[in-house]
Amino acid sequence: MTRYLRTLRRFWSASFSAEMEYRANFVVATVVSVLNLVGGVFTIWLFFTGRDDLGGWSMTQALLVMGIFTLLSGVSDALLVPNLSRIVHFVQQGTLDYVLLKPIDSQYYLSTRNLSPWGLPNILFGLGVISYCVVKLDLPPSAFGIAALAVALAMAVVYSLWFMLASITIWFVKVYNVTHVLQSFMEAGKYPMSAFPHAYRVVLTFVIPVAFMTTVPAQLILGKAGGDWFAIAAMLAVGLFIVSRLWWRFALRFYTSASS
Amino acid sequence: MLRRTRTLLSVSFAHMLEYRAELFLWMLASVMPFIMMGLWVSASSDESANYALGPLEFARYFIAMFIVRQLTMIWVIWDFEWHVVEGRLSPYLLQPMDPVWRFIAGHVAERGARGPFVLVLLVLFFVLYPDAWWVPALRDVGLCVLAVVLAFLLRFMMQYTMAMGCFWVERASGMEAMTFALYMFLSGMVAPLEIFPPSVREIAMWTPFPYLVYFPSTLLVDSAGAAAGGLDIARGFAVLTGWLVVFTLLNRWLWRMGLKHYSAMGA
């Protein structure tokens, strides 16, 4: 375990210094985050020009959902995108062999090797919006603890789905775009699930569990959902994570190196 | 000239057919209009809701927007960046044809390969939601086609102009990332501009963004209705053409400056 933590520190300090070569990216990432935040708030506000709620949620409550979405996309930019989008290159160039030979869990290596600091603006804005909503809605301080736990569970769901989709490239190198499909469906996570028509909700809960990424955490923070929802979210997160590990092992059985 | 165009298009088309699987996934990844449609239809279905549009109009707007977006999808900045970074641009420069035609042909041919997927999705949509079906007036179709062609050219030119940055810095796609956020919120992708507060709408209509998505889409739904709702169609076409001219001139100027600066990486 300590070995894994030690390597993690090495991984991240190495990729941090590498990314520092491209400091201009930080300006880009910050400007993009600011524009997205302003645009996102504007969009939610537009819904309130014609009625007083969005699927039964108040403006501040809906903002909480967007805050969680912003935080999740920041973490994805920092960790998921720089790592999981490289799996296809490892497969294409046959360098996955070297990863598999390393005396470290291959899924761990593939998922943590890189850390991109450019997710930071979104992480900070996400935390800011969540804090603003918690304070504005007069929620007890324990809401922050619930938020931390709920967002962690949501992140586990996002990670597991993303990793499983990214590892499809073991079979089909050409479908590396498939993670974009997940990302575009996740756009729906900017808004509370109850604002969607019934058929959408079914798809976004059972087919692609976007509901568990933002709406359920928000409901837990707001106290709209009780402990049983916590249990469901935890089971889904842990379950999907276990499935992702089994899936990776299964996929590796089909890996035939490209180089040899 | 005609023969050259045909060859270029058929080569690009064959190239695109190789990527059918990716095309299909890109299609699946363009669910944004459907997400926003769900939200707006649901929000406006309520008796108490008070928007400038009703649920059916929202549904039609967003399905028209889906079509428009499919027809105006542009990725030239990444393509160009790749060509510059990999040193692939150099051989094209030796040919007696401006490389821009290759990029345009690639985009046009891709529409052909994408077409069948779009049709299937449209049929599926109207089967699931027959109430939203409408037959646009012939005049509206004509106006929309004209607007789509101009929107395609404008978006292409905007990206291609930013792509010229590749001559000076290695990664120019950062510029696109920044304008994409503006495109997302000002172009009418999140809501038709009728919903915007009048002041924001007025400002937005002077920027190029609404002409890339909102303008062609709303023309296809009901141009007469849009005009009654305060859309000046003639002025719209004038602003659209104006921006197209501005970006084309800027682009040609930067292209000439850039070529002088070009050091042919990897060559």
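Just above, that's the structure.
Residues numbered from 1 in each chain as written. Chains lettered and ligands numbered in written order. Predicted model: local features only at pLDDT ≥ 70, side-chain atom pairs only at ≥ 80, totals over all residues. Heavy atoms only, no water.

Chemist: Sorry if this is basic, but what is going on with the nonpolar core here?
Modeler: Generally speaking, soluble globular proteins have nonpolar side chains that are buried together. Residues A:Phe47, A:Leu96, B:Met36, B:Trp40, B:Ile63, B:Phe215 and B:Phe237 are the most contacted members of the largest nonpolar core, which totals 148 residues. Here this core gets 15 residues from one element, more than from any other, and that element is helix 8 (residues 142-166) of chain A. In this structure, B:Trp40 is in contact with A:Leu46, A:Phe47, B:Tyr51, B:Phe58, B:Phe62, B:Val190, B:Ala191 and B:Ile195, ignoring residues within four places of it in sequence. If you look at the next biggest cluster of nonpolar residues, it comprises 21 residues, including B:Val76, B:Phe80, B:Met162 and B:Ala163. (Core = buried A, V, L, I, M, F, W, Y, C linked by side-chain atoms within 4.5 Å. Buried < 20%, exposed > 50% of the residue type's maximum accessible area, 1.4 Å probe, protein only. Helix = DSSP H or I, 4+ residues; strand = E, 2+ residues; numbered from the N terminus. Contact = heavy atoms within 4.5 Å.)

Chemist: I tried to follow the interface of chain A and chain B on my own but got confused; where do I start?
Modeler: Interfaces are often sized by the accessible area lost when the parts come together. Counting residues at the interface gives 31 residues for chain A, matched by 35 residues for chain B. At the boundary of chain A with chain B, total buried surface from both sides reaches about 2,900 Å², with 73% on carbon and sulfur atoms. A salt bridge links A:Arg51 to B:Asp46; the shortest N-O distance between them is 3.9 Å. Counting the contacts that link chain A with chain B gives 6 residue pairs in polar contact (both at pLDDT 80 or more). Elements that contribute at least two residues to the side of chain A that touches chain B include exactly helix 2 (24-47) and helix 9 (178-186) of chain A. The element that contributes the greatest number of residues to the side of chain A that touches chain B is helix 2 of chain A, accounting for 12 residues. Class assignment of the residues belonging to the side of chain A that touches chain B gives a composition of 18 nonpolar, 9 polar and 4 charged. (Buried area = accessible area lost by both parts, 1.4 Å probe. Salt bridge = Lys/Arg side-chain N within 4 Å of Asp/Glu carboxyl O. Polar contact = N/O pair within 3.5 Å; in protein donor to acceptor, adjacent residues only side chain to side chain. Nonpolar A, V, L, I, M, F, W, Y, C, P; charged D, E, K, R; others polar.)

Chemist: Would you explain the environment of A:Thr179 in this entry?
Modeler: Residue and element names in this part refer to chain A. With respect to the helices and strands, Thr-179 occurs in helix 9. Along the chain, Thr-179 and Met-155 lie 24 residues apart, while their C-alpha atoms are 15 Å from each other. In contact with Thr-179, not counting residues within four places along its chain, are Trp-162, Leu-165 and Ala-166.

Chemist: How do you make sense of the packing of aromatic side chains when you look at a structure like this?
Modeler: Geometry of an aromatic ring pair is reported as the spacing of the ring centres plus the angle between the planes. According to the stated counting rule, one finds 40 aromatic pairs over all chains in the structure shown. Plain terms: the ring middles of B:Phe180 and B:Tyr183 are 5.5 Å apart, the flat faces sit at 45° to each other, and that makes the pair tilted. Of this pair, B:Phe180 and B:Tyr183 both sit in helix 9 (residues 173-186), 3 residues apart, which is roughly one turn of the helix. Taking the relative accessible area as the measure of exposure, B:Tyr183 reaches 2% and is therefore buried. Within the aromatic cluster, the residues linked to one another by ring pairs are B:Phe80, B:Phe103, B:Phe152, B:Phe156, B:Tyr160, B:Phe167, B:Trp168 and B:Trp255. In this arrangement the basic side chain of A:Lys224 is found over the ring face of A:Trp57, its NZ or CZ atom lying 3.9 Å from the centre. (Phe/Tyr/Trp six-rings, centres within 6.5 Å; stacked < 30°, edge-to-face > 60°. Lys NZ or Arg CZ within 6 Å of the ring centre and 35° of its normal.)

Chemist: Looking at this structure, how should I read a nonpolar patch on the surface?
Modeler: All names here are of chain B. Together, Trp-168, Val-169, Leu-250, Trp-253 and Met-257 make up an exposed nonpolar region whose accessible area comes to about 490 Å². Assignment of secondary structure puts Val-169 in the loop between helix 8 (138-163) and helix 9. Given the relative accessible area of 47%, Val-169 is considered partly exposed. (Patch = residues over 30% accessible without salt bridge, like charges linked within 9 Å, V, L, I, M, F, W, Y side chains within 5 Å. Areas by Shrake-Rupley, 256 points an atom, 1.4 Å probe, with all protein chains shown as cover.)

Chemist: Help me understand a positive patch on the surface, please; the structure alone is not making it clear to me.
Modeler: All names here are of chain A. A contiguous patch of positive charge, built from Arg-3, Arg-6, Arg-9 and Arg-10, is present on the exposed surface. With respect to the element layout, Arg-10 can be found in helix 1 (residues 2-19). By relative accessible area, Arg-10 is classed as exposed at 58%. (Lys, Arg positive; Asp, Glu negative; His and termini not counted. Charge placed at Lys NZ, Arg CZ, Asp CG, Glu CD.)

Chemist: Any chance you could explain the packing of helix 3 (residues 32-45) of chain B against helix 4 (residues 55-71) of chain B here in plain terms?
Modeler: The packing of two helices is summarised by the inter-axis angle and the distance between the axes. Residues and elements named next belong to chain B. Taken N-terminus to C-terminus, the directions of helix 3 and helix 4 make an angle of 170°; their axes are 8 Å apart at the nearest point. Taken together, the axis directions place helix 3 and helix 4 in an arrangement best described as roughly antiparallel. On helix 4, the residues that touch Pro-33, Phe-34, Met-36, Met-37, Trp-40, Val-41, Ser-44 and Ser-45 of helix 3 are Pro-55, Phe-58, Ala-59, Phe-62, Ile-63, Met-65 and Phe-66. (Axes fitted to C-alpha atoms, helices over the stretch in contact; angles between N-to-C directions. Parallel < 35°, antiparallel > 145°, perpendicular 65-115°, else oblique.)

Chemist: Before we go on, may I ask you to explain the pattern of salt bridges in this structure?
Modeler: Should the charged atoms of two oppositely charged side chains come close, the side chains can pair. According to the stated counting rule, one finds 9 salt bridges over all chains in the structure shown. The residue B:Arg114 makes a salt bridge to B:Glu110 at a minimum N-O spacing of 2.7 Å. Of this pair, B:Arg114 and B:Glu110 both sit in helix 7 (residues 100-128), 4 residues apart, roughly one helical turn. Look at B:Arg114 and you get buried, because its relative accessible area is 4%. As a salt-bridge pair, B:Glu202 and B:Arg235 come within 3.4 Å of each other at their nearest N and O atoms. Remark: B:Arg235 occurs in helix 12 (residues 233-261) and B:Glu202 occurs in helix 10 (residues 198-204); sequence separation between them is 33 residues. Residues joined in a network through salt bridges with shared partners are A:Arg51, A:Asp53 and B:Asp46.

Chemist: Looking at this structure, how should I read the packing of helix 2 of chain A against helix 7 (residues 120-136) of chain A?
Modeler: Residues and elements named next belong to chain A. For the pair helix 2 and helix 7, interaxial distance at closest approach is 9 Å and the crossing angle is 30°. In this view, helix 2 runs roughly parallel relative to helix 7, as classed from their interaxial angle. Where helix 2 crosses over helix 7, the handedness of that crossing is right-handed. For the pair helix 2 and helix 7, contact is made by Phe-26, Ala-29, Thr-30, Ser-33, Val-34 and Leu-37 and by Pro-121, Asn-122, Phe-125 and Val-129, respectively. Of the residues that constitute the contact of helix 2 with helix 7, the class distribution is 7 nonpolar, 3 polar and no charged. (Left-handed = near helix turned anticlockwise from the far one by under 90°.)

Read these as spatial facts, not as claims about activity.
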